[in-house]
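# Observations on chain architecture
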Amino acid sequence: MDRMRRTGGESPPVQPARRQRSGHAPRQDRLLLTMPALLETSLPLPLARRGKVRDVYDLGESFLFVATDRISAFDVVLSPGIPDKGKILTQMSTFWFRHFGDIENHLLETEWESFPSEVRAHDELRGRSVIVRKCRVVPVECVARGYLVGSGLKEYNETGKVCGIGLEAGLTTASKLRVPIFTPATKEESGHDENISFERMCAIVGDDLAAELRDLTLRIYKRAAEYAETRGIIIADTKFEFGIDEHATRGNIIVWIDEALTPDSSRFWPADRYAVGKNPPSFDKQFVRDWLETTGWDKASTPPELPEDVVMKTREKYIEAFRTITGDEPVL
Ligand SMILES: Nc1ncnc2c1ncn2[C@@H]1O[C@H](COP(=O)(O)OP(=O)(O)OP(=O)(O)O)[C@@H](O)[C@H]1O
Ligand SMILES: [Mg+2]
């Protein structure tokens, strides 16, 4: 808890970046030399997809799912990366997928020693890769919200609703909702995901699948939130992705894919710092978003380079989120 309070709170005064002296690399370059971030992989395997964070390779019957250290905010990949972020995200997702052992997920193999030798030849992938089932991705992001914040709050302030769900009057920043709500969003190839109504989701994926995914999303969220509460964490909201495994004998199976309850896909707040009406300090990349907001960046042009202290603080926050939620250390 003490540790949480220290890292979850406002940033301690940050050492100003040292000026470059002749003969010395700038501080950031030195940091990257001692703690390099893995920004991109290029394996001699067919690349199925390069997302903002993950490189996905085709292994024939399965995908190799690699989380790099890329970080995105406002749907733009930033520079530099956050050293070890991909390992932390991978290991945290694996923790949650295992925690929900009764819910079908995409993991096929998580043990590095059991990976095919052509993958093990690339030691830089260790700890940040899993082998997963190939699924047809459902083109809707399944979001559950227990608290009002971010795009949900914005929509509520403008319309009194979130994704078509009317909410009582008088709610404000970080208000806890009477019951968690399901607020789907489109999965845009480029640009910003857009919140949609449940009816719109039904039109995209069909009524039955939409209802199943809504119920599943809320079920996972409620159980995850209950667990996180025992660790002193509020999960304000989270985003899931689901896929369909078109199984030869078992038919179409709904599978929980992508990542599970990580700081990239969720808002984690330290419970002891929570107060209605203000944005709690968080363990997610809100920290990076907040820093970007201070720079005057127009969110369209090339984003400013993250300074070393923001990179290191963000790394610490990801590690802290892992520790607090799992009670364990990430293998870095
Ligand atoms: N089991 C799976 N089968 C097929 N595709 C998957 C599976 N799991 C995840 N994916 C897809 O792989 C991609 C993962 O990459 P990544 O998370 O970097 O993508 P992104 O969505 O562009 O980025 P961001 O999550 O930052 O918006 C996503 O498009 C996701 O839908
Ligand atoms: Mg993603």
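Attention here is on the structure that accompanies the text. What you are looking at is a predicted structure, and each value in this text was computed from that prediction instead of being measured.

The rules behind each value
Residues numbered from 1 in each chain as written. Chains lettered and ligands numbered in written order. Predicted model: local features only at pLDDT ≥ 70, side-chain atom pairs only at ≥ 80, totals over all residues. Helix = DSSP H or I, 4+ residues; strand = E, 2+ residues; numbered from the N terminus. Buried ≥ 20, exposed ≤ 12 C-beta atoms within 10 Å, placed from the backbone. Contact = placed C-beta atoms within 7 Å. Axes fitted to C-alpha atoms, helices over the stretch in contact; angles between N-to-C directions. Parallel < 35°, antiparallel > 145°, perpendicular 65-115°, else oblique. Left-handed = near helix turned anticlockwise from the far one by under 90°. Nonpolar A, V, L, I, M, F, W, Y, C, P; charged D, E, K, R; others polar. Expected span 1.5 Å × (residues − 1). Pairing = 2+ DSSP bridges. Near = placed C-beta within 6 Å. Domains from an automatic or database assignment. Core = buried A, V, L, I, M, F, W, Y, C linked by C-beta atoms within 7 Å.

Another point: the overall build of the protein. A count of helices and strands for the protein gives 9 helices and 16 strands. Classification of the 332 residues of the protein by burial places 38% in the buried group. The long-range fraction of contacts in the protein, counting pairs at least 24 apart against all pairs at least 6 apart in sequence, stands at 65%.

This part takes up the packing of helix H6 (residues 198-205) against helix H7 (residues 207-230). Direction vectors running N to C along H6 and H7 enclose 125°, while the axes themselves pass 7 Å from each other. Overall, the two elements H6 and H7 adopt an arrangement that is oblique. Considering only the axes of H6 and H7, their crossing is right-handed. The segment H6 lies against H7, with Phe198, Met201, Cys202 and Val205 engaging Asp207, Leu209, Ala210 and Arg214.

The next thing to look at is the packing of helix H3 (residues 85-99) against helix H9 (residues 308-326). Between H3 and H9, the shortest axis-to-axis distance is 10 Å and the interhelical angle comes to 20°. Overall, the two elements H3 and H9 adopt an arrangement that is roughly parallel. At the point where H3 passes H9, the crossing takes the left-handed sense. Contacts between H3 and H9 pair Lys85, Ile88, Gln91, Met92 and Phe95 from the former with Arg315, Tyr318, Ile319, Phe322 and Thr326 from the latter. Classifying every residue of the contact of H3 with H9 gives 6 nonpolar, 2 polar and 2 charged.

The first and last C-alpha atoms of H9 sit 27 Å apart over 19 residues, in line with the 27 Å expected at 1.5 Å per residue. Of the residues flanking the end of H9, it is glycine 327, one or two places downstream, whose phi is positive at about 75°.

In terms of burial, strand E7 (residues 129-133) is a largely internal element, 4 of the 5 residues being buried. Summarising the sheet, strand E3 (residues 62-67) and E7 pair through 5 bridges and their orientation is antiparallel. Counterpart to phenylalanine 63 in the pairing with E7 is valine 132. Pairing geometry for strand E6 (residues 107-109) and E7, over 2 bridges, is antiparallel. Residue pairing in the sheet places glutamate 109 in a bridge with isoleucine 131 of E7.

Next up on the list: the pairing of strand E1 (residues 47-50). Bridge count between E1 and strand E2 (residues 54-58): 3 bridges; the pairing is antiparallel. Among the inter-strand pairings, arginine 50 is bridged to a residue of E2, identified as aspartate 55. Counted along the chain from E1 to the antiparallel partner E2, the turn is 3 residues long.

With that settled, the discussion passes to the site of ligand 1. Neighbouring residues of ligand 1: 18 residues in total, closest Gly51, Lys52, Val53, Arg54 and Ile257. Those elements giving two or more residues to the shell around ligand 1 turn out to be E2, E7 and strand E14 (233-247). The residues that make up the shell around ligand 1 include at least three from each of domain 1 (26-134 + 295-326) and domain 2 (137-273).

Formed by 71 residues in total, the largest nonpolar core has its most connected members in Ala224, Ala228, Ile233, Ile235, Phe242 and Val288. The element best represented in this core is H7, accounting for 7 residues. Shared between two domains, this core holds at least three residues of each, these being domain 1 (26-134 + 295-326) and domain 2 (137-273).

Right, let's get into the environment of methionine 35. Inspection of the secondary structure assignment puts methionine 35 in the loop between helix H2 (27-34) and E1. Taking the C-alpha atoms as reference points, methionine 35 and aspartate 84, separated by 49 residues in sequence, lie 8.6 Å from one another.

Before going further, it helps to spend a moment on the environment of arginine 128. Mapped onto the elements, arginine 128 comes out in the loop between helix H4 (117-120) and E7. Sequence spacing of arginine 128 and valine 66 is 62 residues, and the spatial spacing of their C-alpha atoms is 5.8 Å.

In space, the 5 strands of this open sheet follow the order E1-E2-E3-E7-E6, with antiparallel pairing throughout. The two strands at the open ends of the sheet, each matched to only one other strand, are E1 and E6. The sheet shows a mean angle of 30° between the axes of neighbouring strands, direction not considered.

Function-wise, these values are silent; they only describe arrangement.
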